[in-house]
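Letter by letter, the chains look like this.
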Amino acid sequence: MSRPFRIALFCLACAVGGHASADELVDANAALQQKNYPVALKLFGKLASDNNHEAQLRLGEMYWYGEGAPLDRAKGDALFAQAAAGGDPGAVAATKLSAQRAAHAADIALWTGGYTGAELRAGQVNCQAPALPAGRSIVNDEIKRIGAQISAWTGCYNGFVANMATVMPPGKTIPGGVLEVMSEQELAQAKGHLEQVYKGVIAAAKADADRFIVQRDQWQAATLEYVKAENDRIAVRTLQAKRDLDRTEAARVEANSFRPMAKPVGPSK
């Protein structure tokens, strides 16, 4: 696991001790980076015995985190203290790890097994599907209202999907202060636990969405069928009314065309 003070001090390897010990320290750091733990443990152990302070820090990390060495935080703390007494700044920071771990004990327990992911389906991504009529809707106001509710749910669900993407991969959201004091085994356990939580949250949300989509599609199909049929009936009635009006107008025109002209009235004889 990458620790902040490890990275900061890695470049100091060649500046510590004599030429031979500097070469060994470079080899030891390279072995550690490549996860060749047996070689790293052997080289760091030799250099730490020679009072090489960076080697004491690195060896302390291996024991403290259980990386390539038996997990032994007391031994790690002792090695940190030796390196800190020699003036190693990274070791001074490392001496505080045990206190930090104690402060984060509840957080470690949470992320390695207690986390439920409740907030992943809360707040703005708590997508409550609207209740749809069992059949169809035949009133315009109801159709518009339900359509708006469906659009709102769709936006919420898309937001849920986007929010889930922000927490992946598992472990990404574990606070840095907690990550710093977790062992590799604990981190692996946390990632495995989070993966299962995320899968459960996603599966539950998808199942709810699938059920609602089936209901939505059925309502939309029935409502659209009704709307189309009603529009067709209105179109037929409108056309019939126009034809009737046209016939009435034609009859009126025809009647006016054949009306006999009145004879003029002259003086009586």
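This write-up is about the structure you can find in this document. It should be emphasised that the depicted structure is a prediction, and the values quoted were computed from it without experimental measurement.

Reading guide: rules and limits
Residues numbered from 1 in each chain as written. Predicted model: local features only at pLDDT ≥ 70, side-chain atom pairs only at ≥ 80, totals over all residues. Heavy atoms only, no water. Salt bridge = Lys/Arg side-chain N within 4 Å of Asp/Glu carboxyl O. Buried < 20%, exposed > 50% of the residue type's maximum accessible area, 1.4 Å probe, protein only. Helix = DSSP H or I, 4+ residues; strand = E, 2+ residues; numbered from the N terminus. Phe/Tyr/Trp six-rings, centres within 6.5 Å; stacked < 30°, edge-to-face > 60°. Axes fitted to C-alpha atoms, helices over the stretch in contact; angles between N-to-C directions. Parallel < 35°, antiparallel > 145°, perpendicular 65-115°, else oblique. Left-handed = near helix turned anticlockwise from the far one by under 90°. Contact = heavy atoms within 4.5 Å. Disulfide = S-S within 2.5 Å. Core = buried A, V, L, I, M, F, W, Y, C linked by side-chain atoms within 4.5 Å. 1 Å grid on protein atoms, 1.4 Å probe; cavity = no way out; pocket = protein on both sides within 12 Å on 5 of 7 lines; lining within 4 Å. Points joined across faces, edges and corners; volume = space filled by probe spheres on them. Nonpolar A, V, L, I, M, F, W, Y, C, P; charged D, E, K, R; others polar.

**Digging into the pattern of salt bridges**
- Throughout the structure, instances matching the rule amount to 17 salt bridges.
- Lys-46 is the partner of Asp-50 in a salt bridge, and the nearest nitrogen-oxygen pair spans 3.9 Å.
- By relative accessible area, Asp-50 is classed as exposed at 54%.
- Among the salt bridges present, the one from Glu-195 reaches Lys-199, with a minimum N-O distance of 3.6 Å. Placement of the pair is Glu-195 and Lys-199 together in helix α11 (residues 184-257), with a separation of four residues, close to one helical turn.
- Classification of Glu-195 as partly exposed rests on a relative accessible area of 36%.
- Residues participating in the shared-partner salt-bridge network are Glu-24, Lys-46 and Asp-50.

**What to know about the packing of aromatic side chains**
- Per the stated rule, a full pass over the model turns up five aromatic pairs.
- Seen from their ring centres, Trp-153 and Tyr-157 are 5.5 Å apart, and the 15 degrees between their planes marks the pair as stacked. Placement of the pair is Trp-153 and Tyr-157 together in helix α9 (residues 140-167), with a separation of four residues, close to one helical turn. For the residue pair Trp-153 and Tyr-157, the accessibility class agrees, reading buried in each case.
- Between Tyr-157 and Phe-160, the aromatic rings sit 5.8 Å apart at their centres with planes inclined by 35 degrees, giving tilted as the arrangement. Highlighted residues: Tyr-157 and Phe-160, both in helix α9, separated by three residues, approximately one helical turn. This pair shows no difference in class: Tyr-157 is buried, exactly as Phe-160 is.

**Comments concerning the packing of helix α4 (residues 53-65) against helix α5 (residues 73-85)**
- Between α4 and α5, the shortest axis-to-axis distance is 8 Å and the interhelical angle comes to 165 degrees. Considering the angle they form, α4 stands roughly antiparallel to α5. For the pair α4 and α5, the sense of crossing is left-handed. Residues His-53, Gln-56, Leu-57, Leu-59, Gly-60, Glu-61, Tyr-63 and Trp-64 of α4 touch α5, and the partners they reach there are Arg-73, Lys-75, Gly-76, Asp-77, Leu-79, Phe-80, Gln-82 and Ala-83.

**Digging into the state of the cysteines**
- As enumerated under the stated definition, the model contains one disulfide in all.
- The disulfide partner of Cys-127 is Cys-156, and the gap between their sulfur atoms is 2.2 Å. Here the disulfide of Cys-127 and Cys-156 is left-handed, its torsion about the S-S bond being about -90 degrees. Of this pair, Cys-127 sits in the loop between α8 (105-114) and α9 while Cys-156 is found in helix α9, placing the two residues 29 residues apart along the sequence.

**Section: the nonpolar core**
- Ranked by size, the top nonpolar core spans 37 residues in total, and within it Phe-160, Ile-174 and Tyr-198 carry the most contacts.
- Elements with a contribution of two residues or more to this core: α4, α5, α6 (89-94), α8, α9 and α11.
- Top contributing element to this core by residue count: α11, with 10 residues.
- In terms of nonpolar packing, the next biggest core, distinct from the first, is built from 16 residues, Leu-32, Ala-40, Ala-55 and Leu-59 among them.

**Re empty space enclosed by the protein**
- Summed over the entire model, instances satisfying the criterion amount to one cavity of 30 Å³ or more.
- Taken as a whole, the largest cavity encloses approximately 60 Å³ of empty space.
- Looking at the largest cavity, the residues that line it are Arg-121, Val-125, Cys-127, Trp-153, Tyr-157, Phe-160, Ala-205, Asp-208 and Ala-209.
- Elements with a contribution of two residues or more to the lining of the largest cavity: α9 and α11.
- For the lining of the largest cavity, the residue count by class is seven nonpolar, no polar and two charged.

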